[in-house]
2 protein chains.
Amino acid sequence: MDTSSSSMRAPSMRARSNLHQRIARDLGERIAAGDPVPGKFLPTEADLCARLAVSRSALREGVRLLAGKGLITSKRKVGTVVRPRTEWNMFDPDILAWHLAAAPTDSFVTDLFEVRRIIEPWAAALAAQRADAPTIARIGVACEDMVRFQGKAEELLEADLRFHETILEATGNAFLISFGALIESALHASFQLSWSGSAHTPEYSLRRHRRVWETIRERKPQDAFALMSELLRSAIEDVHDALLTRRLAVTEGNGLFAGPAAPERPSAPQSGEPAGPAPRRRARRNHPHPNQEERQ
Amino acid sequence: MDTSSSSMRAPSMRARSNLHQRIARDLGERIAAGDPVPGKFLPTEADLCARLAVSRSALREGVRLLAGKGLITSKRKVGTVVRPRTEWNMFDPDILAWHLAAAPTDSFVTDLFEVRRIIEPWAAALAAQRADAPTIARIGVACEDMVRFQGKAEELLEADLRFHETILEATGNAFLISFGALIESALHASFQLSWSGSAHTPEYSLRRHRRVWETIRERKPQDAFALMSELLRSAIEDVHDALLTRRLAVTEGNGLFAGPAAPERPSAPQSGEPAGPAPRRRARRNHPHPNQEERQ
DNA sequence: GAGCCGCATTTGTAGGACAATTTGGGAAGT
DNA sequence: ACTTCCCAAATTGTCCTACAAATGCGGCTC
């Protein structure tokens, strides 16, 4: 793993954070990008201390930070190994950010929005049932801020995030609240992807947000569910288009295995289609979870 | 915070783990139980070192472990503060385990199953679309193991968990896979709650599991969705009954504020009820998320 | 009374020493 | 030649000490 290049990047950037936090970010971004691939070992502490030019205390505290997120485990005499990705805490805000720092994979972004589309309609429905007045008001404020900051992308993103996070909060469910990190990651991803793409006009998206808010305010769970589903569907379309564009631009035709692993059947004609995210087209999904456990 | 009693519990139990891991577990269980309530500070490092009789290095590494999970943050001269619960990583396996170690709150268990009921039907549907043959076979093996271990609670629990986790894995979605920890927590909770309760016979539950598997094998997403919903609904009923029993046994009438904060309306009569988790009765939900940020 | 400064406290970093553990190879015995 | 046992080297784990840096607080000055 090449630590020389990025370890001395932007010496004063993020100088506010502690050393062990910077170390954790450095190693975390690397690991998320697959530098020491799961199953492989990090360099020894002595090596890392020398390469990063830090003391062993700071290095070990940074490593502990990553261990707390499930990224790595250390054993005496053996070393520090990167755990399989299935063990990572994919809802951890830092891990999500580190994934985005490296060029986010198609599957990463797709999975992100898939989960959003499962969770958020329900969150909206529950919010419509349970939200108290002040929280509903805050959702409204977020909507207004989105209109207000329509020009400035930075603030618009923040208001958009606040809109969705407040809805999660309104459910009162501690676990749903933890989804905020995932949404933030998704918004950043779609921002850095489809900064241009967006087949839908911003006004269109803003109106959708406002309509979700209105259904919550009016205590109509089913409508909130449906409208949030719609909102996410259009967002996914934008991101999907952006991904297609990027994929065509970067690499051409990864279409091996475009076949019958998962039969297309857009929606098997059975009893009524469950409301919400429809079984979507996804011709890729080539990786059969090879359970990679190789050691170096 | 009283560290003297529990810090020296079971001196040889878990002697396999490292010291900083034991420290993290000790502090983590305490914090999860609300000993230093969010917003309050932990004792100083010097204090903790003295109370736990460990070196500062080991203590700090344990604290870093907790910081990696979002439980606490440290600042120079200020101290180490417990972050608000909304910032905790509620999908972290350790945090979930620590919550269960203390007597799990009603709302904890309820929220747990609420999220399960949102996620898992979709996971089953996606698995029915995407699962490859070996994974489907493993789901079947889990079913058979559940039948085989019907007597022994320990192995039954393990097979049950394996059933649900394999379905998550079959979706191929990295984030859904991270839900395994939550399911494990839920199973342990329902085990330690309704060890007896279960209005439904075990055979009934086993048959439900098997039918979910069959729909996945036969690539029927909608049926998988519906059956998994049913399976969870009955599981929730059991747990809910157990909670009621326990609540009546332990404390009587915490019914202050049983009022109009969230109007009852079991399901506002609108367009067709979305399939899946129905808006449920929940007369409690007393905590209006007071954003407690008090400092000591 | 208000504003500024210094001091004390607390966490952060450095560095060295030794302990514990496990891998792997080498030696010895069969 | 093969197996078994043991020792030694390598690596993380723990302890210790010292100092650095930040920051809240009290006191001092104007």
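Residues numbered from 1 in each chain as written. Chains lettered and ligands numbered in written order. Predicted model: local features only at pLDDT ≥ 70, side-chain atom pairs only at ≥ 80, totals over all residues. Heavy atoms only, no water.

## Examining the overall build of chain A
In terms of helices and strands, chain A carries 12 helices and two strands. Counting all 296 residues of chain A, 48% fall into the buried class. For chain A, the proportion of contacts with a sequence separation of at least 24, taken over those separated by at least 6, is 71%. Accessible area for chain A stands at about 13900 Å²; split by element, carbon and sulfur atoms hold 55% of it. (Helix = DSSP H or I, 4+ residues; strand = E, 2+ residues; numbered from the N terminus. Buried < 20%, exposed > 50% of the residue type's maximum accessible area, 1.4 Å probe, protein only. Contact = heavy atoms within 4.5 Å. Areas by Shrake-Rupley, 256 points an atom, 1.4 Å probe, with all protein chains shown as cover.)

## With respect to the packing of helix α2 (residues 19-32) of chain A against helix α5 (residues 93-101) of chain A
Residues and elements named next belong to chain A. Orientation of α2 relative to α5, taken along the N-to-C sense of each, is 60°, at an axis distance of 8 Å. When the axis of α2 is compared with that of α5, the two are oblique. Where α2 crosses over α5, the two elements pack in a sense that is right-handed. Two secondary-structure elements touch here, α2 through A24, R25, G28, E29 and A32 and α5 through W98, H99 and A101. Of the residues in the contact of α2 with α5, the class split is four nonpolar, two polar and two charged. (Axes fitted to C-alpha atoms, helices over the stretch in contact; angles between N-to-C directions. Parallel < 35°, antiparallel > 145°, perpendicular 65-115°, else oblique. Left-handed = near helix turned anticlockwise from the far one by under 90°. Nonpolar A, V, L, I, M, F, W, Y, C, P; charged D, E, K, R; others polar.)

## With respect to the side chain of H20 of chain B
With respect to the helices and strands, the residue H20 of chain B is situated in helix α2 (residues 19-32). H20 of chain B sits in the buried class, given a relative accessible area of 8%. Once residues within four sequence positions are removed from consideration, H20 of chain B is found in contact with R64 of chain A together with A58, E61, G62 and L65 of chain B.

## Quick notes on the protein's contact with DNA strand D
Among the 20 residues in the neighbourhood of DNA strand D, the closest are listed as R56 and R64 of chain A together with L19, H20 and S55 of chain B. Interatomic distance of 2.3 Å between a backbone N/O atom of L19 of chain B and a phosphate oxygen of DNA strand D. One nitrogen or oxygen atom from the side chain of S57 of chain B is found 3.0 Å from a base nitrogen belonging to DNA strand D. Taken together, the residues of the surface near DNA strand D sort by class into three nonpolar, seven polar and 10 charged. (Near = heavy atom within 4 Å. Polar contact = N/O pair within 3.5 Å; in protein donor to acceptor, adjacent residues only side chain to side chain.)

## Details of the nonpolar core
One finds F163, I167 and F179 of chain A together with F163, I167 and F179 of chain B to be the most contacted residues of the largest nonpolar core, which totals 152 residues. Each residue touching F179 of chain B, except ones within four places of it in the same chain, is listed here: F91 and F179 of chain A together with F91, V115, I119 and L168 of chain B. (Core = buried A, V, L, I, M, F, W, Y, C linked by side-chain atoms within 4.5 Å.)

## Quick word on the pattern of salt bridges
All names here are of chain A. This structure, assessed with the given rule, holds 40 salt bridges over all chains. Taking the shortest distance from any N to any O, the salt bridge between D92 and K69 comes out at 3.0 Å. Separated by 23 residues along the polypeptide, D92 in the loop between β2 (79-82) and α5 and K69 in the loop between α4 (56-68) and β1 (72-75) bring together distant segments of the chain. The class for D92 is buried, based on a relative accessible area of 2%. Owing to a relative accessible area of 5%, K69 belongs among the buried residues under this scheme. (Salt bridge = Lys/Arg side-chain N within 4 Å of Asp/Glu carboxyl O.)

## Observations regarding helix α10 (residues 180-193) of chain A
The end-to-end C-alpha distance of α10 of chain A, which contains 14 residues, comes to 20 Å, matching closely the 20 Å that a straight helix rising 1.5 Å per residue would cover. Listed as buried for α10 of chain A are G180, A181, L182, I183, S185, A186, L187, A189, S190 and L193 of chain A. (Expected span 1.5 Å × (residues − 1).)

## What about the protein's contact with DNA strand C?
Around DNA strand C lies a shell of 20 residues, among which L19, H20 and K77 of chain A together with R56 and R64 of chain B are the nearest. Restricting the count to atoms of DNA strand C within 4 Å of the protein gives a sugar and phosphate share of 66%. At 3.4 Å, a side-chain N or O of R76 of chain A approaches a sugar or linking oxygen of DNA strand C. Here a phosphate oxygen of DNA strand C and a side-chain polar atom of R64 of chain B are 2.6 Å apart. Sorting the residues of the surface near DNA strand C by element identifies α2 and α4 of chain A together with α4 (56-68) and β1 (72-75) of chain B as the ones contributing at least two each. In terms of residue class, the surface near DNA strand C is built from three nonpolar, seven polar and 10 charged.

## Brief notes about the pairing of strand β2 (residues 79-82) of chain B
All names here are of chain B. Pairing of β1 with β2, which is carried by four bridges, proceeds in the antiparallel orientation. Bridge pairing in β2 links I72 to V82. Following β1, the chain reverses through three residues before pairing antiparallel with β2; K77 in that reversal takes a positive phi of roughly 70°. (Pairing = 2+ DSSP bridges.)

## A look at the domain arrangement of chain A
According to the domain assignment, chain A contains domain 1 (4-87) and domain 2 (103-250). For domain 1 of chain A and domain 2 of chain A, the distance between their C-alpha centroids amounts to 33 Å. (Domains from an automatic or database assignment.)

## A closer look at the environment of G68 of chain B
Along the chain, G68 of chain B turns up in helix α4. The sequence separation of G68 of chain B and N89 of chain B amounts to 21 residues, and the corresponding C-alpha distance is 9.3 Å. Discounting residues that sit within four places of it in the chain, G68 of chain B has contacts with L65, K69 and D92 of chain A.

## So, the confidence of the model for chain A
Residue and element names in this part refer to chain A. For chain A, the average pLDDT comes to 82, and 77% of its residues sit at 70 or higher. Note that pLDDT drops below 50 for residues 2-13; the model gives that stretch 15 contacts with residues more than four away or on any other chain. Considering only residues more than four positions removed or in separate chains, one finds that residues 253-296, a stretch of pLDDT under 50, has 76 contacts. (pLDDT = per-residue confidence, 0-100.)

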